[in-house]
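What follows is each chain in one-letter form.
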Amino acid sequence: MIIKTKTTIASSEITDQQIFLQRRKVVKALLGAPLAYAGIHSGLAAGQTAPSNALAAHYQADSTITPANLVKNYNNYYEFSLTKEQPATLAQSLRIDPWTIEITGEVERPLRLDLDDVLKLQTVQEYVYRFRCVEAWSMVVPWLGFPLASLLKTVKPLSSAQFVKFTSVDQPEAMPLQANNTMLEWPYVEGLRIDEALHPLTLLATGLYGEPLSKQNGAPIRLVVPWKYGFKSIKAVVKIELLKKAPLTTWNKFAPRDYGFYANVNPNVPHPRWSQASERPLGSHFFTPRRKTELFNGYGEQVAALYRTMDLSHFF
Ligand SMILES: Nc1nc2c(c(=O)[nH]1)N[C@H]1C(S)=C(S)[C@@H](COP(=O)(O)O)O[C@H]1N2
Ligand SMILES: [Mo]
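Residues numbered from 1 in each chain as written. Chains lettered and ligands numbered in written order. Predicted model: local features only at pLDDT ≥ 70, side-chain atom pairs only at ≥ 80, totals over all residues. Heavy atoms only, no water.

A few points about the site of ligand 1
Our working definition: We call a residue near a molecule or strand as soon as one heavy atom of that residue lies within 4 Å of the molecule or strand. Under this definition, polar contacts are N or O atom pairs within 3.5 Å; protein pairs additionally need one hydrogen-donor-capable and one acceptor-capable atom, and for neighbouring residues in sequence, both atoms have to be side-chain atoms. Computed by Shrake-Rupley with a 1.4 Å probe, the accessible areas treat only the displayed protein chains as cover when residues are assessed. Any residue with an atom within 4 Å of a point lines the site, the site being either a cavity, points on a 1 Å grid over the protein atoms alone where a 1.4 Å probe fits but cannot get out, or a pocket, an open set with protein on both sides within 12 Å along at least 5 of 7 lines. To decide whether a molecule occupies a pocket or cavity, check its atoms: if more than half lie within 2 Å of the grid points, it is inside. For this scheme, ten residues count as nonpolar: Ala, Val, Leu, Ile, Met, Phe, Trp, Tyr, Cys and Pro. Four count as charged, namely Asp, Glu, Lys and Arg, and the remainder, Gly too, count as polar.
Not every one of the 19 residues close to ligand 1 is listed here, only the nearest: Asn75, Tyr78, Glu79, Arg222 and Lys235. For ligand 1, a nitrogen atom lies 3.2 Å from a polar atom in the backbone of asparagine 76. Taken by itself ligand 1 offers 530 Å² of open surface, and the protein chains cover 99% of this. Put simply, ligand 1 lies in the largest pocket. Residue composition of the shell around ligand 1, grouped by class: nine nonpolar, seven polar and three charged.

Here it is, written out as structure tokens:
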């Protein structure tokens with residue numbers, strides 16, 4: 001599902017000549033002009049399989065892009081609400097312009113950048129990824145963004161940088177649960193091991209469905225780590241710190257047994273209160289069979305090597 005980027009699927013992995021040619025065409029269109037994103041998606045009806053899915057056939061035959069209205073109206077954003085429905089309206093009060101990102105810690109060149117300047121330096125492309133929440137619902141989203149690795153390169157990480165800590169915005173005026181200190185410790189914090197952060201699948205997303213990111217989905221910039229449970233994909237990022245040691249993360253601190261630091265999608269390790277063996281794709285009906293959850297959310301071919309030394313039958 002990493003389609004549309006030349007670098008992530010070797011052409012030799014895809015045997016079908018037509019798919020190969022089609023992929024080249026899409027990649028070309030995407031590199032050609034930012035407006036091409038909108039063009040590619042405007043022709044899609046809700047639930048229709050995007051042309052890009054043909055390119056993903058090697059990894060995932062049954063993935064259909066989730067209708068945009070579902071992705072934008074069923075959210076987890078606890079700073080605003082514990083419901084799935086309210087973030088879509090409540091998040092509109094978030095102020096996202098101007099937006100500054102700080103990259104500090106174990107780096108040669110710490111940076112404080114306006115998001116506009118970040119975007120001037122990055123090549124934004126479309127990435128269609130599966131996304132699996134730890135609560136066992138899932139979706140397929142066409143993100144716009146760039147690999148986190150490409151931003152981290154600009155600060156020159158030192159060899160002492162072993163982990164990366166991400167911090168969400170602190171804006172209690174707009175975020176009711178932050179204002180009354182409810183539910184979690186704020187601001188929301190997440191983390192990755194440095195090799196996970198540098199993996200080409202790991203994105204900073206600034207858009208979805210050919211448009212700028214909606215506030216409820218993490219505007220103006222969020223992390224997307226498609227092989228991990230959704231809570232790792234932190235929204236509204238303002239700070240990125242490279243560290244020697246693993247950071248304490250919000251959900252891991254809240255309930256370490258339920259929400260591990262790694263949180264790799266793993267159908268074999270149940271949550272203490274529910275199975276992770278299958279999932280409910282957003283938009284499916286009660287009579288639609290659930291989808292079988294895949295180890296690493298189906299991205300094992302790309303990421304399994306990162307976890308060679310872990311016993312995945314007991315670990316998530
Ligand atoms: N700052 C912040 N980031 C967050 C969350 C949150 O509550 N606050 N929820 C996480 C969870 S549990 C999920 S499943 C995804 C949901 O992303 P979506 O609303 O775009 O589908 O965001 C993640 N990132
Ligand atoms: Mo989630």
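Topic: the sheet that holds strand β5 (residues 163-168)
Just so we agree on the cut-off: Paired strands, in this sense, are two strands between which DSSP finds at least two bridges. Runs of H or I in DSSP of at least four residues are treated as helices and runs of E of at least two as strands, each being numbered from the N terminus. The convention used is that axes are lines fitted to C-alpha atoms, helices contributing only their stretch in contact, and that angles between N-to-C directions extend from 0 to 180 degrees. Contact between two residues is taken to exist if any of their heavy atoms lie within 4.5 Å; hydrogens are not considered.
Read across the sheet, five strands follow the order β2-β1-β10-β5-β6 without closing on themselves; strand pairing throughout is mixed. This sheet does not close on itself; its edge strands, each paired only once, are β2 (111-114) and β6 (189-193). Between one strand axis and the next, the sheet turns by 15° as a mean value, whatever way the strands run. Contacting β1 (100-105), β2, β5 and β10 (237-243), helix α7 (residues 148-155) crosses the sheet at an angle of about 65° to β10.

Notes on the environment of lysine 245
We apply this condition: Think of it in three bands: residues with accessible area under 20% of the maximum for their type are buried, residues over 50% are exposed, and the middle band is partly exposed, with areas taken using a 1.4 Å probe on protein chains only.
Tracing the backbone shows lysine 245 in the loop between β10 and α10 (250-254). The class for lysine 245 is exposed, based on a relative accessible area of 67%. Taking C-alpha positions, lysine 245 is 8.2 Å from alanine 161, a pair spaced 84 residues apart along the chain.

Some words on the side chain of histidine 271
One can find histidine 271 in the loop between α10 and β11 (278-281). Non-local contacts of histidine 271, meaning those with residues more than four positions away in its chain, are made with Val134, Asp258, Tyr259 and Gln276.

A few points about unusual backbone geometry
Leaving glycine aside, a negative phi is the common case for residues, and trans is the common case for peptide bonds. That bond from aspartate 97 to proline 98 is cis: its omega, 5°, falls within 30 degrees of zero. With respect to the secondary-structure elements, proline 98 resides in the loop between α5 (87-90) and β1. A cis amide bond links tryptophan 186 to the next residue, proline 187, at an omega of -5°. Mapped onto the elements of the fold, proline 187 is located in the loop between α8 (176-179) and β6. Of note, alanine 263 is a non-glycine position whose phi angle comes to about 55°, a positive value. Relative to the helices and strands, alanine 263 is located in the loop between α10 and β11. Even without glycine at this site, phenylalanine 296 takes up a positive phi of about 55°. Note that phenylalanine 296 resides in the loop between β12 (291-292) and α11 (300-303).

Things to note about the layout of surface pockets
As a reminder, the rule being used: Grid points are joined across faces, edges and corners, and a volume is the space filled by probe spheres set on the points.
As a volume, the largest pocket reaches approximately 410 Å³. Looking at the largest pocket, it is lined by 25 residues, and the ones nearest its centre are Asn76, Tyr77, Tyr188, Gly230 and Phe231.

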